[in-house]
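# A structural walkthrough
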Amino acid sequence: MFRPPPLLRRTSASLAFAAAAVSNHTMLSPSHSKTTPDPTLHHALLMNPSPQIQPPKPFVHCVAGHSHISTNAAVENSMEFGTESTALGSLVVISFYKFADFGDYAEMRVPLKELCERLRVSGGIILAPEGINGSICGSQEAVESVLGFIQSDNRFKGLRQIESPVTPEDEAIHHGHTSSSPVGAGEDAPFRWDHVRVKLKKEIVSLGMPSVSPMERVGKYVRPRDWNTLIGDPNTVVIDVRNAYETRIGKFKGAVDPHTTAFRQFPTWVESELLRDGSDGRQCAVKLDVKKDIIVSQSDTQGHKEPPRVAMYCTGGIRCEKASSFLLSKGFKEVYHLEGGILKYLEEIPKSESLWEGECFVFDKRVSVEHGLAPGTYKLCYGCKKPVSDDDMEAPEWEHGVCCPHCVSSKSAGEKERARARQRQFETWGAIGGPDKGRRETDCGG
């Protein structure tokens, strides 16, 4: 059973302990730290910093046989802490996931959400019996505290993480709203600073096939520096596991686009395109017609052939974990996938050496990123939540906050009118729902 660290009482003494521990404890990256920072201490500091200090004691608690240890350095000298600016710093966006046997997943939701809210970490996190998946934004220290809290459960040691910087303009918006605005951050911010979603679901990435488990079998990881060699081999079929609205703005050169609208459609596509039965009932091998960007049958004159070597990729790697597990279950022997996904490739591989064409769609307010994870040029249509280019926004079908050339024909008159009403609210108040939407409640009591 998952149990978060016990919350400290809100007394001046405990707040003093918290202030001392957080200010003097070295915050290391979760991938390098041997000790886990205690998030509750950081909570207390942000809520009510105090110049009085005493060294807290380490504590240990257990979760279904998984040990959680929090160690805080003793503090010998008193220190004074600043105002709200202490909690602010350079923003980062970190995407993370890990598959794990997480039967008590629901018990993490409340403490994790409360931690994010107190540290002003925003974004979205999914908890499911098969693990955790999320993308969050906040100061470096705050985000590391959240990741440290998650990894205090031994099942999540070694979270797969991808870190992206935030532009100075977005930082100014984010910090401006944290210090003064009564409403959530504007539409140009990476995330609303006051909003985090922690959802409970059946899967952390929805394939709809419970029997497919990356914890049991998964494809071979390929590092970004070795990816070009693999996909440059003519005997390798390269498959983009993402959806059509993502592949529309960028993909690897020569990759097959399944044109799916949801990840759940991937198994059907594999059955109908990647695996075909010949007229004699034997399974045909396949090859890639690069010019037509499709899978075509390859004659099998010498009897049964093994399925082809497959190299697949997605945004951050999580969908490939399940997709590769599925292909292995269908008899594929050589299944590879890009470690860290497109984002890690764009981060590590120089543009001059890259085989990536276009931009990469991301699931936050940045919309897209380019090489070096620099912000891309695409914006978001709030009618369909799909990326739109400058040309799309010049088209007659474009209506800000309502529809775009990609969704205008699928929207009814009633849907468009409701979208216009929401857009008017946002333009008037800065938030949908009115001036009080997104306002934080102030704790004035003791």
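Reading the values: rules and limits
- Residues numbered from 1 in each chain as written.
- Predicted model: local features only at pLDDT ≥ 70, side-chain atom pairs only at ≥ 80, totals over all residues.
- Heavy atoms only, no water.
- Salt bridge = Lys/Arg side-chain N within 4 Å of Asp/Glu carboxyl O.
- Buried < 20%, exposed > 50% of the residue type's maximum accessible area, 1.4 Å probe, protein only.
- Helix = DSSP H or I, 4+ residues; strand = E, 2+ residues; numbered from the N terminus.
- Phe/Tyr/Trp six-rings, centres within 6.5 Å; stacked < 30°, edge-to-face > 60°.
- Lys NZ or Arg CZ within 6 Å of the ring centre and 35° of its normal.
- Pairing = 2+ DSSP bridges.
- Axes fitted to C-alpha atoms, helices over the stretch in contact; angles between N-to-C directions.
- Contact = heavy atoms within 4.5 Å.
- Parallel < 35°, antiparallel > 145°, perpendicular 65-115°, else oblique.
- Left-handed = near helix turned anticlockwise from the far one by under 90°.

### Some words on the pattern of salt bridges
According to the stated counting rule, one finds 19 salt bridges in the structure shown. Across the pair R242 and D240 runs a salt bridge, and its minimum N-O distance is 2.8 Å. In this structure, R242 and D240 share a single accessibility class: buried. Taken together, the shared-partner salt bridges in this structure form one network comprising E130, E203, R264 and K322.

### Here's the deal with unusual backbone geometry
A positive phi is found at R120, a non-glycine position, where the angle reads about 55°. Turning to its location among the elements, R120 is positioned in the loop between α3 (109-118) and β4 (122-128). A residue is classified by how much of its surface remains accessible, and R120, at 22% relative accessible area, is partly exposed. The phi angle at V367 is positive, at roughly 75°, despite the residue not being glycine. Here V367 is to be found in the loop between β18 (360-361) and β19 (368-369). For V367, a relative accessible area of 4% gives the class buried.

### Focus: the packing of aromatic side chains
In total, this model carries twelve aromatic pairs according to the counting rule given. Taken together, a centroid distance of 4.8 Å and an interplanar angle of 90° make the contact between F102 and F156 edge-to-face. Highlighted residues: F102 in the loop between β3 (91-99) and α3 and F156 in the loop between α4 (140-151) and β6 (160-165), separated in sequence by 54 residues. Here F102 and F156 have matching classes, each one buried. Taken together, W227, F252, Y313, Y345 and W356 form an aromatic cluster joined through their ring pairs. Between the NZ or CZ atom of R160 and the centre of the ring of Y221, over which it lies, the distance is 4.3 Å. Positioned over the ring face of Y245 is K386, at 4.9 Å from the centre of the ring.

### Side note on the sheet that holds strand β7 (residues 196-200)
Taken together, five strands build an open sheet; the order of strands is β6-β3-β5-β4-β7 and the sheet is mixed. If you trace the sheet from one side to the other, it starts and ends with β6 and β7, each paired once. Mean inter-strand twist for the sheet, computed between neighbouring axes without regard to direction, equals 10°. Taken together, the seven bridges between β4 and strand β5 (residues 131-139) define a ladder with antiparallel strand orientation. Within the sheet, the bridge partner assigned to I126 lies in β5 and is N133. Relative to the sheet, helix α9 (residues 318-329) contacts β3, β5 and β6, its axis offset from that of β3 by approximately 20°.

### Structural notes on the sheet that holds strand β16 (residues 335-338)
Strands sit in the order β8-β16-β15-β9 across an open sheet of four strands; the sheet is parallel. The open sheet has two free edges, formed respectively by β8 (220-222) and β9 (236-240), since each of these has just one partner strand. Across the sheet, the mean angle from the axis of one strand to that of its neighbour is 30°, orientation sign disregarded. Where β8 meets β16, three bridges bridge the pair, whose relative direction is parallel. When the sheet's bridge partners are listed, K220 is paired in β16 with Y336.

### Focus on the packing of α3 against α4
Across the interface, α3 lies against α4 with an axial gap of 10 Å and an inter-helix angle of 165°. Relative to α4, α3 is oriented roughly antiparallel. Here α3 runs over α4; the crossing is right-handed. Two secondary-structure elements touch here, α3 through P111, L112, L115 and C116 and α4 through S145, V146, F149 and I150.

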